[in-house]
Amino acid sequence: MKRFFVLLVLLGVLLTSFTFAAKTKITYWQYFYETKKITIDQLIKEFEKQNPDIEVEHVTFPYANYNQKVASSIPAGVGPDVINLYYGWIPKYVTSGYLIPLPEEDFSKEYLQSQFFSFVSKGIEFNGKYYALPIAVRSLALFWNKKLFEQAGLDPEKPPTTLQELVEYAKRLTVYDKKGNIVQEGLTMQPSGQGHHWIREVLVRQFGGVPYTSDSRTVLYDKTGAGSDVLKFYTDLITVDKVGYPGFMNDDVTAFKAQKAAMTIDGSFRIGTLNKIKGLEWGVAELPSYMGVKSNFASFWANGITTNATQDPKKLEAAVKFIKFLSSPESMKLWLKNVGELPANPELAKEYYDDPVYGAFLRGLEYAHATFFVDESAQRQVMMDAVDKVVLKGISPEVAWREAAEEEQKVLDNFWSSIQ
Amino acid sequence: MRLRQKKILTAYVFLSVPLLFFIVVRFYPMVYSFWLSFTDWDLISPKKNFIGLLNYINIFKDEVFMKAIVNTLKYVVFGVPAVIIVSLYLSLVLNRIKKFQGFYRLLYVMPYITPLVAVSWVWKWMYQQPPIGFINNLLTIFGIDSQPFLMSTSQALPSIVVTTVWVNLGYCVIIFLAGLQTIPQEYIEAAKIDGANRRQILWRITIPLLNPIIVFLAITQSITFLRIFTQVYNMTDQGSGGPLNSTKPLVLYIYQKAFMSFDMGTAATATVILFGIIMVITLVQMLILNKNIEY
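Remember, it's a predicted structure, so these values are computed and weren't measured experimentally.

Another aspect to go through is the side chain of A:Asn84. All names here are of chain A. Residue placement: Asn84 occurs in strand 3 (residues 82-86). By relative accessible area, which is 5% here, Asn84 ends up buried. A distance of 2.8 Å separates the side chain of Asn84 from the side chain of Asn303, its partner in a polar contact. Those residues within four positions of Asn84 in sequence are excluded, and the remaining contacts are Tyr28, Trp29, Gln30, Tyr66, Trp301, Ala302 and Asn303.

If you want it as structure tokens, here you go:
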């Protein structure tokens, strides 16, 4: 009897170890954001149901030490097989030998072009190869406060549609005290927030320029189109029209939340924050056009395959399947519903064009550009400094704009020289 | 083994524990960052290529780095004398009152024990423009024009110094009060009998006898101001050390290089240079300020 039991247990152990061995386990890493974590967990369950031979381990960690965590995991050999990263970090991760290109047979050019907005393939390309796929994307739009529109005698359902209107509305919406201090901003002016994206990818293009060469190695915004007129337009809103200034009520988001700013340009990721504010009646519209030109800035987090996964062909195959699954229209739908981020698939996006909240962002994706950042914080600093030079130091927009281009060129040169 | 030897051995055994801790937690990272300053490590890459002194050559060509050094020295030059003079004055006054001394002491220590991030944000809001900023509203009441404070390239750094002085006051006041209590009452009484006035007592007796305390505070406060980070990170736009790098101290420069630009090599180089500056300043202070005073 005893012997029988021992045999039974042994058999059980053997059987379970056999089934475990047959399963391929991959590890997925992303930073912790509650709805994202829950949604990924849900998606993993579905994925494992479709692929019973694959097991996905989901690991999250705080956003604050994302890169440190990743960096320390490599030497320790505990890194992920599939990793979620900001598209702007792709060059760095690739040159560090961390990411491998998406296998071409699974992710062909046709697949990318048919399944994703055009800016996506540009954002994930590095030296002619593609490295990661997004589940969802983010874009910019104009948020406006309906109550403040009413108070200023404007139609609360009619946001400005052109830059001229934007300026005109902003002036009417700005409120000053007796001493001339702004007590309510007409339009937030915060280059350190989304403002620098608006200048770089939207205003530059609307003023007839191009921000960078197509290989992203050379700054062009000072040499093309109306050049420094872009900076002049932006800083005039601060110094001449006085509709707002950087740092009013600390930052643009706080000012808009506190109903002290009538209009702001912000990203789709702000929807959740604004929904939570009681008594704030806001609308959202496509970014104002200028001379018939529409433009937008889009960004995204994407899933890439690490060198870890190449140790075992089965792992690589599972990773490919998992990334494809995460970027499928079904996953995107769930993502929009749970997380509130926009689908990266144009066909799917069209279904939501009439949505009062997401519509404006999604329509913006059609003509959006994703800046190829080599060092986003340094490149943002360049734009912040350009605005500060004009506003605080009284330097002419021509000089400030030229210096900005030189500074940013240095950042780009620094990066490209380090990888050759 | 004799008893003496045994005792010594026991002492070493006990000492080895903190020693081991210091070697692993303090010295190893220090030596490691020295080594990193000679590499081009980018935080994510497993490769750390040795590039000799290239980082040191390049960093001195970086305008932002030079600006950060100047700013750091400004923090020390403005901050340390201010905090020492104000706290010495306050402790002299506090030492004279007998009632509620504990209460006042608590009041001055409060900023010091409050988390620096919270203090920074409260001050950031107080420095805001009208109609939000408390300080500007106060100025307006007295008919003075509102000031840009943190939004100006010339006022931002002094504004942060004021906050830091306010924070560190409590600590310095406590140390000074403790020092004042060690001055023998007989000296002061003897001086009074000899007809010395208050000022003479202060300059001839109190301050010379407080010298070790002043040296101690000058050194610790210098190090505090040389390593200033939290206030600047929280009080400037997006932690940039702006506007236009006018408030950026070395530690913030290091942080940005390491964790925002992923340039660990340069960050380590700046760290080594900061280490050097701190050491030099501390040695100089000890040489100049440390005088033995005996009566």
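Considered as a void within the structure, the second largest pocket measures approximately 790 Å³ in volume. Along its surface, the second largest pocket is lined by 32 residues, and A:Tyr245, A:Pro246, A:Leu392, B:Gln129 and B:Met151 are the ones closest to its centre. Those elements that place two or more of their residues in the lining of the second largest pocket are helix 10 (229-239) and helix 17 (376-393) of chain A. Ranked by the residues each element gives to the lining of the second largest pocket, the list is headed by helix 17 of chain A, at four residues. Classifying every residue of the lining of the second largest pocket by side-chain character gives 16 nonpolar, 12 polar and four charged.

Attention shifts here to the UniProt feature "transmembrane region" (unreviewed entry) in chain B. All names here are of chain B. In the numbering used here, UniProt assigns the "transmembrane region" (unreviewed entry) feature to residues 12-35, 75-94, 106-123, 156-180, 201-229 and 267-289. The span residues 12-35 is 100% helical and 0% strand by assignment, and the distance between its end C-alpha atoms comes to 30 Å. The straight-line gap between the two end C-alpha atoms of residues 201-229 is 39 Å; of that span, 86% is helix and 0% is strand.

This part is about the interface of chain B and chain A. Facing the 29 residues of chain B at the interface are 32 residues of chain A. For the pair chain B and chain A, the summed buried surface comes to about 2700 Å²; carbon and sulfur atoms form 58% of the total. Of all residues in chain B, B:Ile44, B:Met151 and B:Leu244 bury the most surface against chain A, accounting for 24% of the area lost on that side. Our enumeration of links across chain B and chain A arrives at zero salt bridges. At the junction of chain B and chain A, the tally comes to nine residue pairs in polar contact (both at pLDDT 80 or more). Elements that contribute at least two residues to the side of chain B that touches chain A include exactly helix 5 (116-126) and helix 12 (250-260) of chain B. The element contributing the most residues to the side of chain B that touches chain A is helix 5 of chain B, with three residues.

Segments scoring low in pLDDT should not have their predicted coordinates read at a detailed level. On average, chain B scores 91 in pLDDT, and the residues at 70 or more come to 99%. ipTM for the predicted complex: 0.84, alongside a pTM of 0.87.

Residue and element names in this part refer to chain A. By the definition in use, this model includes 18 salt bridges over all chains. Its salt-bridge partner being Glu286, residue Lys294 comes within 3.4 Å of it at the nearest N-O pair. When the shortest N-O distance is used, the salt bridge between Glu403 and Lys389 registers 2.9 Å. Within this pair, whereas Glu403 is found in helix 18 (residues 397-418), its partner Lys389 is found in helix 17, the two being separated by 14 residues in sequence. Owing to a relative accessible area of 26%, Glu403 belongs among the partly exposed residues under this scheme. Residue Lys389 is classed as buried on the basis of its relative accessible area of 17%. A single salt-bridge network, built from bridges that share partners, covers Lys36, Arg138 and Glu341.

Counting residues in each nonpolar core, the largest one holds 207 residues, and the members touching the most others are A:Tyr66, A:Phe119, A:Leu187, A:Trp198, A:Tyr221 and A:Met263. Setting aside chain neighbours within four positions, we find A:Trp198 in contact with A:Leu140, A:Leu163, A:Leu166, A:Leu187, A:Leu203, A:Phe233, A:Tyr234, A:Ile265 and A:Leu287.

All names here are of chain A. On inspection of all chains with the given rule, the structure shows 56 aromatic pairs over all chains. Here Phe61 and Tyr66 contribute two aromatic rings whose centre-to-centre distance is 5.2 Å and whose plane-to-plane angle is 50°, an arrangement assigned as tilted. The burial state of Phe61 is the same as that of Tyr66; both residues are buried. Relative to Trp416, the ring of Phe126 has its centre 5.9 Å away and its plane inclined at 15°; by these criteria the two rings are stacked. Of this pair, Phe126 sits in strand 5 (residues 125-126) while Trp416 sits in helix 18, placing them 290 residues apart in sequence.

We now examine the domain arrangement of chain A. All names here are of chain A. Annotation of chain A at the domain level lists domain 1 (24-138 + 298-369) and domain 2 (140-296 + 373-418). Using C-alpha coordinates to define each centre, domain 1 is positioned 29 Å away from domain 2. Of the residues lining the interface, 22 residues belong to domain 1; the matching set on domain 2 comes to 24 residues. In total, domain 1 and domain 2 occlude about 1900 Å² of area from one another, counting both sides; carbon and sulfur atoms represent 60% of this. Taken as a group, Phe361, Tyr367 and His369 account for 36% of the area that domain 1 buries against domain 2, more than any other trio of residues on that side. In this structure, Arg363 engages Glu286 in a salt bridge whose closest nitrogen and oxygen atoms are separated by 2.9 Å. If you list the elements that add at least two residues to the side of domain 1 that touches domain 2, you get helix 4 (90-95), strand 7 (132-145), helix 16 (358-365) and strand 14 (368-369). Here the element with the most residues in the side of domain 1 that touches domain 2 is helix 16; it accounts for five residues. Taken together, the residues of the side of domain 1 that touches domain 2 sort by class into 14 nonpolar, four polar and four charged.

Here we come to the environment of B:Tyr32. Residue and element names in this part refer to chain B. In this fold, Tyr32 is placed in helix 1 (residues 3-36). Among the residues examined, Tyr32 registers a relative accessible area of 30% and is labelled partly exposed. When the C-alpha atoms of Tyr32 and Ala268 are compared, they prove to be 9.2 Å apart, with 236 residues separating the residues in sequence.

Right, let's get into the pairing of strand 12 (residues 296-306) of chain A. Residue and element names in this part refer to chain A. With 11 of 11 residues buried, strand 12 lies mostly within the body of the structure. Residues Asn296, Ala298, Phe300, Ala302, Gly304 and Thr306 point to one face of strand 12 and Phe297, Ser299, Trp301, Asn303 and Ile305 to the other, with burial holding for every one of them. One ladder, built from two bridges, connects strand 4 (residues 99-100) with strand 12; its direction is antiparallel. Within the sheet, the bridge partner assigned to Ile100 lies in strand 12 and is Ile305. The sheet contact formed by strand 7 and strand 12 spans six bridges and is antiparallel. What sits directly across from Leu133, in strand 12, is Asn303.

All names here are of chain B. Its place among the elements puts Thr39 in the loop between helix 1 and helix 2 (54-59). Within the structure, the side chain of Thr39 is placed 2.8 Å from the backbone oxygen of Leu36, a separation counted as a polar contact. Polar side-chain contacts of Thr39 include one of 3.4 Å to the backbone nitrogen of Trp41. If sequence neighbours within four positions are ignored, Thr39 has contacts with Lys48, Asn49, Phe50, Ile51, Asn55 and Gly265.

Residues and elements named next belong to chain A. Residue placement: Ser331 occurs in helix 14 (residues 329-338). On the basis of relative accessibility, which here comes to 1%, the residue Ser331 falls in the buried class. Ser331 sits 274 residues away from Glu57 along the chain, and the two C-alpha atoms are 18 Å apart. In contact with Ser331, not counting residues within four places along its chain, are Leu43, Phe325 and Leu326.

Attention now goes to the pairing of strand 7 of chain A. All names here are of chain A. For strand 7, a buried count of 14 out of 14 residues is recorded, marking the element as mostly surrounded by other parts of the structure. In terms of strand pairing, strand 7 meets strand 13 (residues 342-343) through two bridges, oriented antiparallel. Each bridged residue has a counterpart across the sheet, and for Ala136 the counterpart in strand 13 is Pro343. Here strand 7 pairs with strand 10 (residues 261-267) via five bridges, running antiparallel. The residue bridging Leu140 from the neighbouring strand is Gly267, located in strand 10.

What counts and what doesn't
- Residues numbered from 1 in each chain as written.
- Chains lettered and ligands numbered in written order.
- Predicted model: local features only at pLDDT ≥ 70, side-chain atom pairs only at ≥ 80, totals over all residues.
- Heavy atoms only, no water.
- Helix = DSSP H or I, 4+ residues; strand = E, 2+ residues; numbered from the N terminus.
- Buried < 20%, exposed > 50% of the residue type's maximum accessible area, 1.4 Å probe, protein only.
- Polar contact = N/O pair within 3.5 Å; in protein donor to acceptor, adjacent residues only side chain to side chain.
- Contact = heavy atoms within 4.5 Å.
- 1 Å grid on protein atoms, 1.4 Å probe; cavity = no way out; pocket = protein on both sides within 12 Å on 5 of 7 lines; lining within 4 Å.
- Points joined across faces, edges and corners; volume = space filled by probe spheres on them.
- Nonpolar A, V, L, I, M, F, W, Y, C, P; charged D, E, K, R; others polar.
- UniProt positions renumbered as here; feature names shortened; annotations may be inferred.
- Buried area = accessible area lost by both parts, 1.4 Å probe.
- Salt bridge = Lys/Arg side-chain N within 4 Å of Asp/Glu carboxyl O.
- pLDDT = per-residue confidence, 0-100.
- Core = buried A, V, L, I, M, F, W, Y, C linked by side-chain atoms within 4.5 Å.
- Phe/Tyr/Trp six-rings, centres within 6.5 Å; stacked < 30°, edge-to-face > 60°.
- Domains from an automatic or database assignment.
- Pairing = 2+ DSSP bridges.

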